[in-house]
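Architecture and fold: a report
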Number of protein chains: 2
Amino acid sequence: MHAGRAGHILNHMVQHRTAHVDASFSALADVTRRGVLEQLGRGDASITELAAKFRMTLTGMKKHVGVLEHAGLVTTRKLGRVRSCSLGPRRLDQEVAWIERYRELWSARFDALDEVVAELKLEEKADARRKRK
Amino acid sequence: MHAGRAGHILNHMVQHRTAHVDASFSALADVTRRGVLEQLGRGDASITELAAKFRMTLTGMKKHVGVLEHAGLVTTRKLGRVRSCSLGPRRLDQEVAWIERYRELWSARFDALDEVVAELKLEEKADARRKRK
């Protein structure tokens, strides 16, 4: 395969995954949508049931479910006149992987700061001892 | 303490934590902002340096850093004429806790579905055997 083309495809894949991660973090940035996911984790529910549970209009709930569906976190299907919602195929693997890597970087940064602070304290003590002599 | 007041305070605490989680997921829903966090995980940087790194205007980068700062993920301080950015105090503990609980619910739901499918298959086999007799 031509290197440029391979690069193009890889780039496309990365962008595709990136768009997915953007969409799911964005979907999770709302307390009602997180609540809907928890609810569907306990069992399927219709839009009407979800709207009643979260004291929301049907239109409002449809919007939230739409955002979750777009992010692959919810699947809906029409059963007669009722739209039934269930958890979607995405298990947030990429999102967890990103956050875990971030937490490692974070810990490493703050460990490094702790070391600097500890060194400064040792120097201070040494200074104080010299002055006492 | 009066029960109503305790309830009010607890409610306030939950809302406060909820707003935090909303803000951080929202901050993470952008590839540039995730990139800035990774960059700051490797070392502090000024807004100017970040803007150059991500090929962005100063105004655009200031906005992104503002969103991250609001979410407690970045801290900035003014050193002379330069605004230096470093990782903030929040390590995404609540966000990880939420996602982990969600993944458990998700696995339990799909395990339950797997069981239903397995049962249906067994019934089908039994049916086929009965018909052959």
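Each remark here, short or long, concerns the structure printed above.
The rules behind the values
- Residues numbered from 1 in each chain as written.
- Chains lettered and ligands numbered in written order.
- Predicted model: local features only at pLDDT ≥ 70, side-chain atom pairs only at ≥ 80, totals over all residues.
- Heavy atoms only, no water.
- Helix = DSSP H or I, 4+ residues; strand = E, 2+ residues; numbered from the N terminus.
- Buried < 20%, exposed > 50% of the residue type's maximum accessible area, 1.4 Å probe, protein only.
- Contact = heavy atoms within 4.5 Å.
- Areas by Shrake-Rupley, 256 points an atom, 1.4 Å probe, with all protein chains shown as cover.
- Pairing = 2+ DSSP bridges.
- Least-squares fit on C-alpha atoms with pLDDT ≥ 70 in both.
- Buried area = accessible area lost by both parts, 1.4 Å probe.
- Salt bridge = Lys/Arg side-chain N within 4 Å of Asp/Glu carboxyl O.
- Polar contact = N/O pair within 3.5 Å; in protein donor to acceptor, adjacent residues only side chain to side chain.
- Nonpolar A, V, L, I, M, F, W, Y, C, P; charged D, E, K, R; others polar.
- Axes fitted to C-alpha atoms, helices over the stretch in contact; angles between N-to-C directions.
- Parallel < 35°, antiparallel > 145°, perpendicular 65-115°, else oblique.

On to the overall build of chain A. Helices and strands together make up the secondary structure of chain A, namely five helices and three strands. Tracing chain A from N to C terminus, the helices and strands come up as α-α-β-α-α-β-β-α. Each of the 133 residues in chain A was classed as buried or not, and the buried ones make up 35%. Residue pairs in contact within chain A that sit at least 24 positions apart in sequence constitute 49% of those at least 6 positions apart. Accessible surface, chain A: about 8700 Å² in total, of which carbon and sulfur atoms supply 55%.

Regular strands show a simple pattern: their side chains alternate between the two faces of the sheet. All names here are of chain B. Alignment of strand E1 (residues 45-46) against strand E3 (residues 82-87), held across two bridges, turns out to be antiparallel. When the bridges of E3 are listed, Ser46 appears paired with Ser84. Of the pairings in the sheet, the one linking strand E2 (residues 74-79) to E3 comprises six bridges and is antiparallel in character. Each bridged residue has a counterpart across the sheet, and for Val74 the counterpart in E3 is Leu87. Counting the residues between successive antiparallel strands, the hairpin from E2 to E3 contains two residues, one of them, Gly80, with a positive phi of roughly 65 degrees.

This brings us to the relation of the copies chain B and chain A. The transform that puts chain B on chain A rotates by 180 degrees and translates by 0.0 Å along the axis, for an RMSD of 0.1 Å. This pairing of chains is accounted for by a two-fold axis. Looking at the interface residues of chain B, 100% of them are also at the interface in chain A, so both copies use one shared face.

What follows deals with the interface of chain B and chain A. Contacts between the two partners involve 37 residues from chain B, matched on the other side by 37 residues from chain A. Of the roughly 3500 Å² buried where chain B meets chain A, counting both sides, 63% is carbon and sulfur surface. The tally of links from chain B across to chain A stands at eight salt bridges. A:Asp44 is paired through a salt bridge with B:Arg109; the nearest N and O atoms lie 2.8 Å apart. The tally of links between chain B and chain A comes to 16 residue pairs in polar contact (both at pLDDT 80 or more). Secondary structure elements with two or more residues in the side of chain B that touches chain A: helix H1 (3-28), helix H2 (31-42) and helix H5 (93-132) of chain B. When residues in the side of chain B that touches chain A are grouped by element, the largest group, 13 residues, is from H5(B). The residue makeup of the side of chain B that touches chain A, split by class, is 18 nonpolar, six polar and 13 charged.

All right, on to the packing of H2(B) against helix H4 (residues 58-70) of chain B then. Residues and elements named next belong to chain B. For the pair H2 and H4, interaxial distance at closest approach is 10 Å and the crossing angle is 75 degrees. Considering their axes alone, H2 and H4 lie roughly perpendicular with respect to each other. Where H2 abuts H4, its residues Thr32, Arg33, Val36 and Leu37 lie against Met61, His64, Val67 and Leu68.

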